[in-house]
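# Chains, contacts and geometry: an overview
This is what each chain is made of:
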Amino acid sequence: MNFQLTEEHLAVQEAARDFARTELLPGVIERDEKQEFPTAQIKKMGELGFMGMMVSPEYGGGGMDTKAYVLAMEEISKVDASASVCMSVNNSLVCWGIEQYGSEEQKKKYLPRLASGETIGAFCLSEPEAGSDATMQRTSALDRGDHYLVNGNKNWITNGNSASVYIVMAQSEAEKKHKGINAFIIEKEWKGFVVGKKENKMGIRASDTHSLMFNDIRVPRENRIGENGFGFKFAMSVLNGGRIGIAAQALGIASGAYELSVQYAKERKTFGQEIGKHQAIQFKLAEMATKIEAARLLCLQAADLKDQNQSYAQASAMAKLYASQVAMEVTIEAVQIHGGYGYVKEYHVERMMRDAKITQIYEGTSEIQKMVIAREILN
């Protein structure tokens, strides 16, 4: 595994870092408080190529590798995890899923708009009775010949209201259980599509998380992804890649909180000297830095395996499991290092601590990641 960064990698990293500091940092606290989706910022991310990084240039994307994507995700997440989760879903789940498994017509129709940020995508798997157990799909898609009739509900959908293109998992043949599930590309403007309530979340508050309702939506047969019954395999494959994006997000939240802590430790004085000269603070920073570096290597390893077309299910689950744990541990310590100032919004670390928790939940809880890892080990 070669983690040596190329000039292109370094350029992408620098561009993402500059964008995060100049475009995302101003107003990030206010957007969090008001639960305000970063519409203008996401549009600019699309213009700069961050919304379709791994999409082939043939379909309007950047044609970059997964390592470049991890680097960019980390830098964006250092400043604004709400923006980065939108970026993650669009890149890892929607664009990659369509390019990897969609028909040529689907790729040509949807990828250029998604990669440019002209439209945003959403991935619809979770339901009230199908969270961790994705086989229990209640949303139905009845075959009507030239179209499917889709009915049901989805919840916890990132980009739920801001998206225009949705990949929806639905059960077409219940007797076949998970082998009867299909994946469909559904457009928001179609009759019968209803956006439900917006969730009032603890963290990533500027991202819009909604429930969705489908009422007799006519989905053209050509909008089914893959062969009949391919939906569950599609979802599991796409989620393997999605875990790399969320691991990179967790890594970014941790490294952002760490960098603020280092800066604060050099500026804040107690007992006549900077707090960074106190051994207690030094120990905290050393542990934070070590954990972050280990998480970064796990993320890059999973990305490298994916880029080499090797099996990466175990590596992505490990990266997601460990990086999300590190995000929680580091942000808690960051608040502690900042003391009372860490508990107020203007120092950012309290928001990062709130944002960190979701990385242990979405794309599968920590317990689910352990099950994935153990299954790969035992197989």
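All of the points below concern the structure found in this document.

The rules we used
Residues numbered from 1 in each chain as written. Predicted model: local features only at pLDDT ≥ 70, side-chain atom pairs only at ≥ 80, totals over all residues. Heavy atoms only, no water. Disulfide = S-S within 2.5 Å. Buried < 20%, exposed > 50% of the residue type's maximum accessible area, 1.4 Å probe, protein only. Helix = DSSP H or I, 4+ residues; strand = E, 2+ residues; numbered from the N terminus. Arc of directions from axis to C-beta. Contact = heavy atoms within 4.5 Å. Expected span 1.5 Å × (residues − 1). Polar contact = N/O pair within 3.5 Å; in protein donor to acceptor, adjacent residues only side chain to side chain. Patch = residues over 30% accessible without salt bridge, like charges linked within 9 Å, V, L, I, M, F, W, Y side chains within 5 Å. Areas by Shrake-Rupley, 256 points an atom, 1.4 Å probe, with all protein chains shown as cover. Salt bridge = Lys/Arg side-chain N within 4 Å of Asp/Glu carboxyl O. Lys, Arg positive; Asp, Glu negative; His and termini not counted. Charge placed at Lys NZ, Arg CZ, Asp CG, Glu CD.

### Digging into the state of the cysteines
Two cysteines whose sulfur atoms are joined by a covalent bond form what is called a disulfide. In the structure shown here, the tally under the stated rule is zero disulfides. You can see Cys124 has no disulfide; the closest cysteine sulfur is in Cys86, sitting 13 Å from it. In this structure Cys124 comes out as buried when scored by relative accessible area, which is 0%.

### Re helix α3 (residues 39-47)
For α3, the set of buried residues is Gln41, Ile42, Met45 and Gly46. Projected down its long axis, α3 shows its buried positions confined to an angular sector of 145 degrees, all on one face. Counted as exposed and oriented over 90 degrees from the buried face of α3: Thr39 and Glu47. Its buried side turned inward, α3 meets α1 (7-24), α2 (28-34), α4 (66-79), α5 (81-101) and α6 (104-116). A positive backbone phi angle near 95 degrees is found at Gly49, which sits one or two residues after α3.

### Things to note about α1
A rise of 1.5 Å per residue sets the reference length of α1, with its 18 residues, at 26 Å; its end C-alpha atoms lie 24 Å apart and thus fit the reference within 8%. Of all the positions in α1, only His9, Val12, Gln13, Ala16, Arg17, Phe19, Ala20 and Leu24 are classed as buried. For α1, the angular spread of the buried residues around the axis is 165 degrees, confining them to a single face. In this structure, α1 carries Glu7 and Arg21 as exposed residues pointing more than 90 degrees from its buried face. The elements touched by buried residues of α1 are α2, α3, α4 and α5.

### Thoughts on the side chain of Asn90
Among the secondary structure elements, Asn90 is positioned in helix α5. Assessed through its relative accessible area of 0%, Asn90 is described here as buried. In this structure the side chain of Asn90 is engaged in a polar contact, spanning 2.9 Å, whose partner is the backbone oxygen of Met51. Each residue touching Asn90, except ones within four places of it in the same chain, is listed here: Met51, Cys95, Leu114, Thr119, Ile120 and Gly121.

### What to know about a negative patch on the surface
A contiguous patch of negative charge on the surface is contributed by Glu58, Glu104, Glu105, Asp146 and Glu222. In this structure, Asp146 sits in the loop between β2 (140-143) and β3 (147-158). Classification of Asp146 by relative accessible area gives exposed; the value is 54%.

This is a description of form; function is not addressed.
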